[in-house]
Amino acid sequence: MNTFVEIKGVKIYANHGVMPQETRVGNLFEVSARLCYDFEEAAAADDISKALNYAEAVELMEAVMATPRRLLESVAMDIRDTLQARWPAIKGGSVKVAKLHPPFTTKVDHVAVEIEW
């Protein structure tokens, strides 16, 4: 059986980007993760200490987002690495980082990178 925790649409203001204005002014980002880990033991015991605590996962995402980077690719990889370091039982998943207001003259919903492993 595969079991997942999904954290979707975490809105975080951060200073990622290539353009000087992006690192100075910042932008609104949306971070989502879908993490595959076996939570059967946690469910049976009804014990948060045996589970992937999604509130703590959001705090870790916010901490990663607080360090400015040029590339969304770097941010996504760092979020994945941070979550896996905290919960080694994560055996796969995905992380998506979207910039909601990219500095384009053309209107787009967002730009994003997503990794799956």
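Residues numbered from 1 in each chain as written. Predicted model: local features only at pLDDT ≥ 70, side-chain atom pairs only at ≥ 80, totals over all residues. Heavy atoms only, no water.

1. Digging into the environment of F29
Part 1: Relative to the helices and strands, F29 resides in strand β2 (residues 27–36).
Part 2: Overall, the relative accessible area of 0% leaves F29 in the buried class.
Part 3: Residues F29 and T82 lie 53 residues apart in sequence; the distance between their C-alpha atoms is 18 Å.
Part 4: For F29, the contacting residues outside a window of four places in its chain are V10, K11, I12, A14, H16, M65, L72, V97, A98, K99 and L100. (Helix = DSSP H or I, 4+ residues; strand = E, 2+ residues; numbered from the N terminus. Buried < 20%, exposed > 50% of the residue type's maximum accessible area, 1.4 Å probe, protein only. Contact = heavy atoms within 4.5 Å.)

2. Observations concerning the side chain of E22
Part 1: For E22, the location among the structural elements is in helix α1 (residues 20–25).
Part 2: Within the local environment of E22, its side chain forms a polar contact with the side chain of K99, the two groups lying 2.3 Å apart.
Part 3: Sequence-distant contacts of E22, defined by excluding residues within four places in its chain, comprise N15, H16, G17, K99 and P103. (Polar contact = N/O pair within 3.5 Å; in protein donor to acceptor, adjacent residues only side chain to side chain.)

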